[in-house]
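Below are the chains, spelled out letter by letter.
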Amino acid sequence: MAKFIGIDLGTTFSAAATVDVEGRPVIVRDSEGNNIIPSCVVVDGDTIEVGAHALDTWESSPEKGASRFKRIMGTTNKTINLSGKEFTPTELSSFVLKKIVKEVESQIGEIEEAVVTIPANFAHEAREATMLAAKKAGLKIKNIINEPTAAALYYAYKTGEDLDGIYAVFDLGGGTFDVSIIQAHGKNVEVLSSDGVSRLGGDDFDKAVIDLLCEKYKAISGNDLDPKEISLVQAEKAKKHLTIKETTKQKINGISVEVSRNDFQEKIKSLLAQIELLCESALDEAKIQTSQLKGIFLAGGSTRVPAIKEVVTKVFGKEPTSTANVDEVVALGAAIYATYRADRTKLSPGQKESVEKIKISETTNKCFGTITLTRDAARDDIVLKNTTLIPKGHKIPCSVTQSFYTTHEGQTGVNCKVTESSTIETDPKFVKIIWEGNLELPPNRPEGQKIDVTFSYDENQIMQCSFVDVATGKKTSVDLTMVSTENFDDNKIDKFLVE
Ligand code: ADP
Ligand code: MG
């Protein structure tokens, strides 16, 4: 039986899951029985180590290891030095994925196909970098899914009864925060809006604990303490104590230092406020009142922090559902999605039955547009302007065409650009150009020749952009790939053709 796998490639922890022969989503544990492995890589000479042992080594020899590189996925100029060698975040992620592949295959056999999850607010480059990491790890990947959608999908299963209505998915992990408003009918999941930040999570809480410990240490001993003297491992342990207890005592340089949950909550106040604001903006964007919410689903280890549960309850006006292991929900949902997108002839009757009723629709997480020369009538001048074709939050799949016109007599070419922005933007200065090409035009034509620009965004998160000279049918097009197809390689762009 072919194996379809869902992988939650997390900032701090990663997990893998599958849908078993009977059709139940299950976590694939590693050979040591762990349900999640630290996304930590250590390089020592020629050996590369990933997971719990790597985390231990990293703690004692930070120059040999790295973690949290997901935060810089998709940046082209940043590398991380491990034991004197430079690695890109994509390479480091591929090492984590390779380790997962090895563990999964030793447990359940060869992987036929996998789905890797991605934060809803990941930019184009970060999505591509993730796909490339998967390819480097030898995985066959045709689909990706946003983390909150995966979590919602799993909750749709877990509750037993079909979901019906609007729900919030609140995902707070080690390094990223994502909040999404989804609409679900039975096993149909639709994302209405998504907000978040890629630099907010449990790591910030660890830092808050370190600050607190330093302050308390000084109050007791009168001496300043270098925050570096407190290990992240110790800080995380103290933080987890505060999840279940009102106070925690930590030994630092032989002195016992006590920190209370109240101190901690006070210290992270501004982060809690930021989280609250992002939840409100997700609600606004989806045009939803809290009274319309049927439920709130949690994902990510940091949602165990009592102050976070309080914020969630406050901002959404009801207590979150806590029927699932928050460390596992994203991987489990991804496994369901991998099975849903699989070649159905390769599934067992149980698996088929589990995914038959599913339908998922997502929305774009950014605005996509193009920059053109436009005649500014008021100033009788020609100016550069960005026009949004697909706004943020547009349902996927979609296809949008807009016509533009040449601005000069005898114009022999059009500079074609595809832009990305987080809000609708007309000023080219405030958008990111994610692709650029040329469309050559025949000579000796008057101005005002029609150029049709079409962006088609499909459910596999591939956006096909074409620029067509309507009079001649000449076309320049590109597939901007968020997902690997057969020939995916280091090039940013899969295909570039001029017909
Ligand atoms: P990511 O998706 O970013 O990889 P996870 O969802 O695995 O992260 O969450 C990891 C974070 O959750 C870490 O910062 C960890 O310290 C935190 N965490 C896990 N369990 C607890 C707990 N019981 N109390 C507080 N924080 C926790
Ligand atoms: Mg996560």
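All of these numbers come straight from a predicted model, not from anything done at the bench.

Student: Is there a simple way to explain the overall build of the protein in this structure?
Tutor: Counting secondary structure elements, the protein contains 11 helices and 28 strands. Computed over its C-alpha atoms, the radius of gyration of the protein comes to 25 Å, within 12% of the 23 Å expected for a compact globule of 499 residues. Principal-axis analysis of the C-alpha atoms gives the protein an extent of 85 × 60 × 55 Å. The buried share among the 499 residues of the protein stands at 56%. Within the protein, residue pairs in contact and separated by at least 24 positions form 64% of the contacts whose partners lie at least 6 positions apart. Considering the protein, the positive charge centre built from 60 side chains and the negative charge centre built from 73 side chains are found 2 Å apart.

Student: Honestly, the confidence of the model for the protein in this entry has me stumped. Any pointers?
Tutor: Segments scoring low in pLDDT should not have their predicted coordinates read at a detailed level. Residues at a pLDDT of 70 or more form 95% of the protein, whose mean pLDDT is 89. Counted against residues more than four places away or in other chains, residues 483–499, with its pLDDT under 50, gives 46 contacts.

Student: Can you help me understand the pattern of salt bridges in this one?
Tutor: Where charged atoms of side chains with opposite charge meet at close range, the side chains can pair. In total, this model carries 26 salt bridges according to the counting rule given. Salt bridges linked by common partners bring Glu112, Glu113, Lys140 and Lys346 together as one network.

Student: Just checking my understanding: could you explain the site of ligand 1 for this structure?
Tutor: Around ligand 1, the structure places 17 residues, and the nearest of them are Thr12, Gly174, Glu236, Lys239 and Thr243. Separating an oxygen atom of ligand 1 from a backbone N or O atom of Thr11 is a distance of 3.1 Å. In the model, an oxygen atom of ligand 1 is placed 3.2 Å from a nitrogen or oxygen of the Ser302 main chain. Taking 580 Å² as the accessible area of ligand 1 by itself, protein coverage stands at 90%. Residue contributions to the shell around ligand 1 peak at four residues, all from helix α6 (residues 232–244). Classifying every residue of the shell around ligand 1 by side-chain character gives two nonpolar, 11 polar and four charged.

Student: What should I look at first to understand helix α5 (residues 202–221) in this one?
Tutor: The periodicity of an α-helix, 3.6 residues per turn, causes residues three or four positions apart to be oriented the same way. An ideal rise of 1.5 Å per residue puts 28 Å on 20 residues; α5 measures up with 28 Å between its terminal C-alpha atoms. When α5 is considered as a whole, its buried residues turn out to be Gly202, Asp203, Asp204, Phe205, Asp206, Ala208, Val209, Ile210, Leu212, Leu213, Cys214 and Tyr217. A positive phi of about 80° marks Gly222, the residue just after α5.

Student: Even after reading the chapter, I still don't get the sheet that holds strand β5 (residues 40–44), so can you show me in this structure?
Tutor: Strands pair in a sheet through their backbones, by hydrogen bonds, and they do so in one of two ways: parallel or antiparallel. In spatial order, the strands read β6-β5-β7; together these three strands make up an open sheet with antiparallel pairing. Edge positions in the sheet fall to β6 (47–50) and β7 (65–67), since each of these pairs with one other strand and no more. Averaged over neighbouring strand pairs, the angle between their axes works out to 15° when direction is ignored. Sitting on the sheet, helix α1 (residues 52–60) is in contact with β5, β6 and β7, with an inclination near 70° to β5. Contacting β5, β6 and β7, helix α2 (residues 89–108) runs over the sheet at an angle of about 70° to β6.

Student: Would you mind going over the packing of helix α8 (residues 269–285) against helix α9 (residues 306–316) with me for this structure?
Tutor: The description of two packed helices rests on the angle between their axes and on the distance between the axes. At a minimum axis separation of 10 Å, α8 and α9 run at an interaxial angle of 35°. Considering how the two elements wind past one another, α8 and α9 form a crossing that is right-handed. Here Leu272, Ile275, Glu276, Cys279, Glu280 and Leu283 of α8 come into contact with α9, specifically with Ala307, Ile308, Val311, Lys314, Val315 and Phe316. Broken down by class, the residue content of the contact of α8 with α9 amounts to nine nonpolar, no polar and three charged.

Student: Even after reading the chapter, I still don't get the nonpolar core, so can you show me in this structure?
Tutor: Side chains that are nonpolar tend, in soluble globular proteins, to be buried together. Judged by nonpolar contacts, the single largest core of 87 residues is most densely connected at Phe170, Phe177, Ile181, Phe264, Ile275, Ile308 and Phe316. Sort the elements by how many residues they give to this core and helix α10 (residues 329–340) lands first, with 10 residues. Those residues within four positions of Ile275 in sequence are excluded, and the remaining contacts are Phe170, Leu172, Phe177, Leu200, Ile308 and Val311. If you look at the next biggest cluster of nonpolar residues, it comprises 37 residues, including Leu9, Val28, Ala114 and Ile141.

Cut-offs applied
- Residues numbered from 1 in each chain as written.
- Chains lettered and ligands numbered in written order.
- Predicted model: local features only at pLDDT ≥ 70, side-chain atom pairs only at ≥ 80, totals over all residues.
- Heavy atoms only, no water.
- Helix = DSSP H or I, 4+ residues; strand = E, 2+ residues; numbered from the N terminus.
- Rg over C-alpha atoms; globule rule 2.2 N^0.38 Å.
- Buried < 20%, exposed > 50% of the residue type's maximum accessible area, 1.4 Å probe, protein only.
- Contact = heavy atoms within 4.5 Å.
- Lys, Arg positive; Asp, Glu negative; His and termini not counted.
- Charge placed at Lys NZ, Arg CZ, Asp CG, Glu CD.
- pLDDT = per-residue confidence, 0-100.
- Salt bridge = Lys/Arg side-chain N within 4 Å of Asp/Glu carboxyl O.
- Near = heavy atom within 4 Å.
- Polar contact = N/O pair within 3.5 Å; in protein donor to acceptor, adjacent residues only side chain to side chain.
- Areas by Shrake-Rupley, 256 points an atom, 1.4 Å probe, with all protein chains shown as cover.
- Nonpolar A, V, L, I, M, F, W, Y, C, P; charged D, E, K, R; others polar.
- Expected span 1.5 Å × (residues − 1).
- Pairing = 2+ DSSP bridges.
- Axes fitted to C-alpha atoms, helices over the stretch in contact; angles between N-to-C directions.
- Left-handed = near helix turned anticlockwise from the far one by under 90°.
- Core = buried A, V, L, I, M, F, W, Y, C linked by side-chain atoms within 4.5 Å.

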